[in-house]
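A structural walkthrough
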Amino acid sequence: MKPELRVALLGDGFMGKAHSNAWAQAPHFFDLPYRIRRKLICGLDTPLLHQTAAQWEWEETATDWRAAIERDDIDVIDIALPNHLHAEAAIAAARAGKIVLTEKPMANTVDEARAMVEAAAKVPNLVWYNYRRVPAIAFAKQLIDEGRVGQIYHYEAAYKQQWGADASRAATWRMDPKQGGSGVADDLLTHVIDTALYLNGPMKEGVAMAATFMPGRQVDDAFQAMIRFENGAMGAIMSTRFGIGSKNAKSFRIHGANAMLGFHLEKLNNLEFLDFTEPSTEQGVRDLMVTDLKHPIFGNFWRPGHIIGYEHSFIATLAAFLDALSKDEEFHPNFRDGLAVQQVLAGLQQSAASRQWVPLQPSA
Ligand code: SOE
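Calculation criteria
- Residues numbered from 1 in each chain as written.
- Predicted model: local features only at pLDDT ≥ 70, side-chain atom pairs only at ≥ 80, totals over all residues.
- Near = placed C-beta within 6 Å.
- Nonpolar A, V, L, I, M, F, W, Y, C, P; charged D, E, K, R; others polar.
- Pairing = 2+ DSSP bridges.
- Helix = DSSP H or I, 4+ residues; strand = E, 2+ residues; numbered from the N terminus.
- Contact = placed C-beta atoms within 7 Å.
- Axes fitted to C-alpha atoms, helices over the stretch in contact; angles between N-to-C directions.
- Domains from an automatic or database assignment.
- Parallel < 35°, antiparallel > 145°, perpendicular 65-115°, else oblique.
- Left-handed = near helix turned anticlockwise from the far one by under 90°.
- Expected span 1.5 Å × (residues − 1).
- Bend = angle between axes of the 7 residues up to and from the residue.
- Buried ≥ 20, exposed ≤ 12 C-beta atoms within 10 Å, placed from the backbone.

1. Some words on the site of the ligand
What surrounds the ligand is the set Phe-14, Lys-104, Gln-161, Asp-187 and Asn-248. Along the lines of polarity and charge, the residues of the shell around the ligand split into one nonpolar, two polar and two charged.

Given below as structure tokens:
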């Protein structure tokens, strides 16, 4: 009989839904080493909490997440609360000996992230940088690791949404610096940074600029930076909530000595690949469908060509985490990876404020 994991999910918003689905679906697509019990979901006392609990089959609801962390009948705390609560909840959960999963960004400051790493030194932990497990992104990583791309010269990446242009969205916690942090950089740019560190390694130095387009708004609407990576690549990264025409457009383009790779989240089953080692007369950009049983992750879902979506990245992340947990192996992205993202982010924010180049994360 597989051991049981009793899960408490803190948060019933958009990410609470994505996590609920992952907990519900992972056992259907992966032969998990555990039996998952969706024990408890915590949220504010609103109809949404009860509706979410009913639709995603959580056994109980609660409004006090601090009390939930102290319960003896919970093994896993999964945090999908607004950003400013991640550190407090994760530290309390780790001190209570729970397995801890937290939404991104890991924290609102580097100090908070460091304290989380320390508190969770002895408990398994994860940061939900879910896009690492999009099969096309995992396949890009495989091609890079196999040397198919060669030395990387240029790493360009963006994450664009457009809802910042809607003045009525001002009331959300994401527009409040105390809760959501400094704005789009703490939100979308952290995904860009995590994927860049994953695919192209540590960053040496950077220079950044930020903009707030909506008058009176307290947070950044757009943020962009130039990066020098430790491997010598030049980087250009940006994120915006004013990318008019882009609903959820996370993308990258990598130019290496042997190949070009291109990815776009709005077409997430595909990876652009140009093989520069082919005769020049035959070179062209291939639009690979990363939906083969031999591609990473995909075979757990459907047969070749039967495309997957946003939610599958959460399901695959959770399955990989549980697999590593059962084997006592280190999982990535964990809290240390989350801290690395926060360090880059803080450096770039300092650069935007000072208008100077800054060193980024330590290479050690
Ligand atoms: C912002 O709109 C957001 O919900 C991010 O916070 C998520 O991390 C991203 O995956 C989708 O967009």
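2. Topic: the sheet that holds strand β7 (residues 152-160)
Strand order in the open sheet formed by nine strands is β14-β13-β12-β11-β7-β10-β9-β8-β15, with mixed pairing between adjacent strands. A strand with exactly one partner marks an edge of an open sheet, and here the two such strands are β14 (286-289) and β15 (358-359). Together, β7, β8 (203-211), β9 (222-229), β10 (234-240) and β11 (249-256) form the strand contacts of helix α8 (residues 184-200), whose direction differs from that of β7 by roughly 150°. Strands in contact with helix α10 (residues 335-354) are β8, β9 and β15; relative to β8, the strand with the most contacts, it is inclined by about 55°.

3. Notes on the domain arrangement of the chain
How big an interface is tends to be reported as the loss of accessible area on association of its parts. Partitioning the chain into structural domains gives domain 1 (4-131) and domain 2 (134-308 + 340-358). Taken together, the contact pairs 14 residues of domain 1 with 19 residues of domain 2. Tallied by class, residues from the side of domain 1 that touches domain 2 come to 10 nonpolar, three polar and one charged.

4. Describing the packing of helix α5 (residues 110-119) against α10
The geometry of α5 relative to α10 is characterised by a closest axis approach of 9 Å and an angle of 165° between their N-to-C directions. Between α5 and α10, the angle is such that the two are roughly antiparallel. In this structure, α5 meets α10 at a crossing whose hand is left-handed. Residues Val-110, Ala-113, Arg-114, Met-116 and Val-117 of α5 lie in contact with α10, whose contacting residues are Phe-335, Arg-336, Gly-338, Leu-339, Gln-342, Gln-343 and Ala-346. In terms of residue class, the contact of α5 with α10 is made up of seven nonpolar, three polar and two charged.

5. Examining α8
For α8, which comprises 17 residues, the first-to-last C-alpha distance of 22 Å matches the rise-based estimate of 24 Å (1.5 Å per residue) to within 8%. Of all bends in α8, the biggest is about 40°, found at Thr-190. By the criterion of burial, α8 is predominantly enclosed, with 16 of the 17 residues buried. Looking one or two residues beyond α8, the residue adopting positive phi is Gly-201, at roughly 80°.

6. Considering unusual backbone geometry
Cis geometry is adopted by the peptide bond preceding Pro-105, which originates at Lys-104 and carries an omega value of -10°. With respect to the helices and strands, the residue Pro-105 is situated in the loop between β5 (99-102) and α5. A cis amide bond links His-332 to the next residue, Pro-333, at an omega of 0°. In this structure, Pro-333 sits in the loop between α9 (310-327) and α10.

7. Remarks on the pairing of β7
Relative to β11, β7 runs antiparallel, the two sharing eight bridges. Within β11, the position partnered with His-154 by the bridge is His-255. Note: β7 against β10, seven bridges, orientation parallel. Its bridge partner lying in β10, Ala-157 is registered against Ile-237.

8. Quick look at the sheet that holds strand β1 (residues 4-10)
If you trace the six strands from one edge of the open sheet to the other, you get β3-β2-β1-β4-β5-β6, paired in parallel fashion. Each edge of the sheet is formed by a strand with only one pairing partner; in this case those strands are β3 (60-62) and β6 (125-127). This sheet shows a mean twist of 20° between the axes of neighbouring strands, independent of strand direction. Sheet topology note: the strand β2 (residues 35-42)/β3 ladder contains three bridges and is parallel. The residue of β3 that forms the bridge with Cys-42 is Ala-62.

9. Focus on helix α1 (residues 14-29)
Compared with an ideal rise of 1.5 Å per residue, which puts 16 residues at 22 Å, α1 spans 22 Å between its outermost C-alpha atoms and is within 8% of the ideal. Trp-23 marks where α1 bends most, by close to 30°; the proline Pro-27 follows one to four residues later. Within α1 the residues assigned to the buried category are Met-15, Gly-16, His-19, Ser-20, Ala-22, Trp-23 and Ala-26.

10. Topic: the environment of Ala-257
With respect to the helices and strands, the residue Ala-257 is situated in the loop between β11 and β12 (259-264). The class of Ala-257 is exposed, set by 12 C-beta atoms lying within 10 Å. Placed 88 residues apart in sequence, Ala-257 and Leu-345 show a C-alpha to C-alpha distance of 28 Å. Each residue touching Ala-257, except ones within four places of it in the same chain, is listed here: Gly-150 and Gln-151.

11. Focus on the pairing of β12
Because side chains alternate across β12, one face comprises the buried residues Ala-259, Leu-261 and Phe-263, and the other comprises Met-260, Gly-262 and His-264, none of which is buried. In this sheet, β12 lies alongside β11 in antiparallel orientation, the contact comprising five bridges. Its bridge partner being in β12, Ser-251 is matched across the sheet by His-264. Two successive antiparallel strands, β11 and β12, enclose a turn made up of two residues. In this structure, β12 lies alongside strand β13 (residues 270-275), joined through four bridges in antiparallel fashion. If you follow Ala-259 over to β13, its bridge partner there is Asp-275.

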